[in-house]
Amino acid sequence: MNKNKFPKNFIWGTATSSYQIEGAYDKDGKGISIWDTFSHIKGNIYNNDTGDKACDHYNRYKEDIKIMKELGIKSYRFSISWPRVLPNGKGEVNQKGLDFYKNLIDELLKAGIEPVVTLYHWDLPQALQNNGGWENKEIINAFHEYAKLILSEFNDKVKTWITINEPFVVAFNGNSRGEHAPGIKNHKIALQVAHNLLISHGEAVKLFREMNLKGKIGISLNLTSTYPNTDKKEDINAAKLLEEYINGWFLDPIFKGRYPKKLSKIYRDKYGPINKLSKDFDIIKQKIDFLGINYYTRALVKHNPDSKFYNIETIKTNDSNYTAMDWEIYPDGLYDLLIKINKKYTDLPIYITENGAAFNNQLDNGKIHDENRIEYLYKHFKKTLKAIKKGVPVKRYYVWSLMDNFEWAYGYSKRFGLIYIDYSTQKRFFKDSAYWYKKVINSNSIKNNK
Ligand code: BGC
């Protein structure tokens with residue numbers, strides 16, 4: 001057997017999200033999202049970029065699907081813009097918005113590509129934010145209504161569903177650090193947001209079962225591996241605490257029906273009693289069909305008494321390379337994570353719903369020589385295969401991203417795509433990594449492909 005081959009039915013794909021690629025932010029009856037509002041405020045986004053036009057995917061989806069077909073991907077993960085289909089977040093439905101996704105899904109199926117839908121990838125209707133957004137418990141009903149609409153509309157054609165993308169980032173980048181929409185800086189609010197996101201996820205899974213739908217539903221979490229910088233006890237504890245903050249705060253409720261103990265106590269001491277009812281956890285821990293993991297980098301951690309964040313400091317090392325995001329390239333972190341999740345939490349199928357890297361490769365006579373991205377992907381594929389051989393049921397892999405796009409607070413300055421976008425002309429160019437990925441998909445193997 002070729003030791004570089006992936007299992008027979010392994011599914012290779014790419015991922016995107018609505019706000020990052022669609023553009024057409026006010027076309028055909030779409031409502032405004034918190035990212036429209038946030039990006040229109042000067043100073044929030046690098047270079048004051050906005051997603052108003054992005055990759056113009058709303059108008060160019062057919063061309064983009066041709067590209068996917070050319071790449072040979074088996075599955076495409078995208079998200080639905082909630083305010084495009086429900087401009088006020090609830091109530092009145094925008095038929096033209098639904099039509100866009102119907103056409104997109106039909107076109108994908110025609111091309112033989114399986115559509116995978118993320119219900120929420122961060123573009124909350126502004127109307128709901130005006131009513132407290134994810135902090136207000138009423139959002140749970142609104143998300144339920146939105147999920148019901150989308151599931152009813154598309155369940156005959158879509159068989160793989162992701163409820164929420166990265167509740168960690170929604171809660172903490174958006175509501176504690178304020179670097180993402182809605183730009184709130186309050187950790188206590190962020191904790192309430194995280195909790196309501198988790199309940200909304202659980203309610204959507206429950207709804208999916210009640211509707212008796214065929215197919216699979218899961219969630220995508222951004223997970224990392226944390227490592228102490230030395231084997232001093234205080235560094236080890238700092239690494240453990242960071243792991244609870246990023247991974248445990250979401251994995252524990254979903255798989256164990258409770259929050260991690262240590263951090264819960266810290267939060268309780270700091271913010272007073274936080275009312276989490278046991279019936280909340282009954283909803284949160286609904287059985288899912290797969291776990292989606294988004295992995296980019298590890299965290300190297302040291303104890304620092306001066307750090308405001310619970311004495312935790314993440315540090316860089318001279319022994320590693322870093323991407324344009326300044327994220328350490330650490331493929332072993334993915335391997336360790338997969339093994340740990342499988343041991344500690346679940347033997348459910350795992351889908352890598354995002355992995356990839358930003359680099360500053362330039363367009364050079366119509367070509368983009370991104371050897372660095374090939375290297376990054378190759379190493380992460382290899383570690384995934386190693387985990388599969390150890391028995392971890394990784395079934396799918398979605399490279400982030402199909403094409404360069406709006407990288408949130410970094411605007412268009414960070415390029416994660418396999419496809420290069422010239423934003424002045426909206427022309428698409430295959431990077432070398434796209435040709436390389438095509439070979440991987442085609443052979444279902446990383447052999448001789450490096
Ligand atoms: C998100 C993507 C984002 C990517 C790179 C993930 O956190 O789901 O939307 O572009 O990472 O930062």
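One numbering rule holds for all chains: residues counted from 1, following each sequence as written. For a predicted model such as this one, the threshold for reporting local features is a pLDDT of at least 70, and the threshold for listing and counting side-chain atom pairs is 80 or more; totals across whole chains, interfaces and linings nevertheless cover every residue. In computing side-chain values, all of the structure's heavy atoms are included and hydrogens and water are not.

Draft legend 1. Up close: the overall build of the protein chain. Counting from the N terminus, the helices are DSSP H or I runs at least four residues long and the strands are E runs at least two residues long. Across its full length, the protein chain carries 15 helices and 13 strands. Relative to a compact globule of 450 residues, whose C-alpha radius of gyration would be 22 Å, the protein chain shows 21 Å and is just as compact. Along the three orthogonal principal directions, the C-alpha set of the protein chain runs to about 55 × 55 × 45 Å. Relative accessibility decides the category of a residue: with a 1.4 Å probe and only protein chains considered, values under 20% of the type maximum give buried, values over 50% give exposed, and everything between is partly exposed. For the protein chain, the residues scored as buried account for 61% of the 450 residues in total. For a compact globule the rule gives 2.2 Å times the number of residues to the power 0.38, and the radius of gyration it is set against comes from C-alpha atoms.

Draft legend 2. Broad picture of helix α7 (residues 139–154). The end-to-end C-alpha distance of α7, which contains 16 residues, comes to 22 Å, matching closely the 22 Å that a straight helix rising 1.5 Å per residue would cover. Of all the positions in α7, only Ile139, Ile140, Ala142, Phe143, Tyr146, Ala147, Leu149, Ile150, Leu151 and Phe154 are classed as buried. By definition here, a helix of n residues has an expected span of 1.5 Å times n minus one.

Draft legend 3. Representation of the pairing of strand β11 (residues 394–400) in the model. Counting buried positions over the seven residues of β11 gives six, a clear majority of the element. Note on pairing: two strands pair once DSSP finds at least 2 bridges between them. Judged from the five bridges that link them, strand β1 (residues 11–15) and β11 form a sheet pairing that is parallel. Counted as the bridge partner of Ile11 is Arg396 from β11. Note that strand β10 (residues 350–355) and β11 share four bridges and pair parallel.

Draft legend 4. View of the pattern of salt bridges. Note on definitions: salt bridges are taken to be side-chain nitrogens of Lys or Arg within 4 Å of carboxyl oxygens of Asp or Glu. Tallied over the full model, the rule gives 24 salt bridges. Ionic pairing is found between Lys316 and Asp326, a salt bridge with its closest N-O pair at 2.6 Å. Highlighted residues: Lys316 in the loop between β9 (312–314) and α13 (331–344) and Asp326 in the loop between β9 and α13, separated in sequence by ten residues. The residue Lys383 makes a salt bridge to Asp332 at a minimum N-O spacing of 3.0 Å. With Lys383 in helix α14 (residues 371–389) and Asp332 in helix α13, this pair connects stretches of sequence that are 51 residues apart. Residue class for Asp332 comes out partly exposed when judged on its relative accessible area of 32%. When salt bridges that share partners are traced, they join Lys102, Asp106 and Lys157 into one network.

Draft legend 5. Geometry of α13. Taking 1.5 Å as the rise per residue, α13 with 14 residues should run 20 Å; its terminal C-alpha atoms sit 20 Å apart, in good agreement. Among the residues making up α13, those that are buried are Pro331, Gly333, Leu334, Tyr335, Leu337, Leu338, Ile339 and Ile341. Any two residues whose heavy atoms approach within 4.5 Å at even a single point are treated as in contact. Looking at the buried residues of α13, the elements they touch are β6 (226–228), α10 (233–256), β7 (290–294), β10, α14 and β11.

Draft legend 6. Broad picture of the site of the ligand. Taken together, Gln20, His121, Trp122, Asn165, Glu166, Tyr296, Trp327, Glu354, Trp400, Glu407, Trp408 and Phe416 are the residues near the ligand. Two N or O atoms form a polar contact when they lie within 3.5 Å of each other; inside protein one atom must be a possible hydrogen donor and the other a possible acceptor, and for residues adjacent in sequence the pair counts only when both atoms belong to side chains. Glu166 places a polar side-chain atom, nitrogen or oxygen, 2.6 Å from an oxygen atom of the ligand. A distance of 2.9 Å separates an oxygen atom of the ligand from a polar side-chain atom of Trp408. Considered on its own, the ligand offers 310 Å² of accessible surface; in the complex 94% of this is hidden by protein. Amino acids outside the nonpolar list (Ala, Val, Leu, Ile, Met, Phe, Trp, Tyr, Cys, Pro) and the charged list (Asp, Glu, Lys, Arg) are all regarded as polar, and Gly is one of them. When grouped by side-chain class, the residues that make up the shell around the ligand number six nonpolar, three polar and three charged. For this purpose, a residue is taken to be near a molecule or strand whenever a single non-hydrogen atom of the residue falls within 4 Å of it. Working definition of accessibility: Shrake-Rupley area with a 1.4 Å probe, residue cover restricted to the visible protein chains.

Draft legend 7. Just the nonpolar core, in detail. Core analysis: the largest hydrophobic core is formed by 155 residues, its most contacted members being Trp82 and Phe381. Looking at which element gives the most residues to this core, the answer is helix α9 (residues 187–210), with twelve residues. Here Phe381 is in contact with Phe6, Trp12, Tyr397, Val399, Trp436, Tyr437, Val440 and Ile446, once residues within four sequence places are set aside. In plain words, nonpolar cores are sets of buried Ala, Val, Leu, Ile, Met, Phe, Trp, Tyr and Cys residues tied together by side-chain atoms within 4.5 Å.

Draft legend 8. Structural view of the sheet that holds β6. As summarised here, the arrangement of the three strands in space is β6-β8-β9, forming an open sheet in which the pairing is mixed. Among the strands making up the open sheet, the edge pair consists of β6 and β9. Ignoring which end each strand starts from, the neighbouring axes of this sheet average 40° apart. Across three bridges, the pairing between β6 and strand β8 (residues 299–303) is parallel. The partner of Thr226 across the bridge, within β8, is Ala299. Along the sheet face, α10 touches β6, β8 and β9 and points at about 130° away from the line of β8. Note on definitions: angles span 0 to 180 degrees between N-to-C directions of axes, and those axes are lines fitted to C-alpha atoms, for helices only across the stretch in contact.

Draft legend 9. Fine view of the sheet that holds β7. With parallel pairing, eight strands are arranged side by side around a closed barrel as β1-β2-β3-β4-β5-β7-β10-β11. Neighbouring strand axes in the sheet, compared pairwise and without regard to direction, differ in orientation by 25° on average. Along the sheet face, helix α5 (residues 95–110) touches β2 (75–79) and β3 (114–120) and points at about 170° away from the line of β2.

Everything listed here is a matter of coordinates, which is why it stays silent on function.
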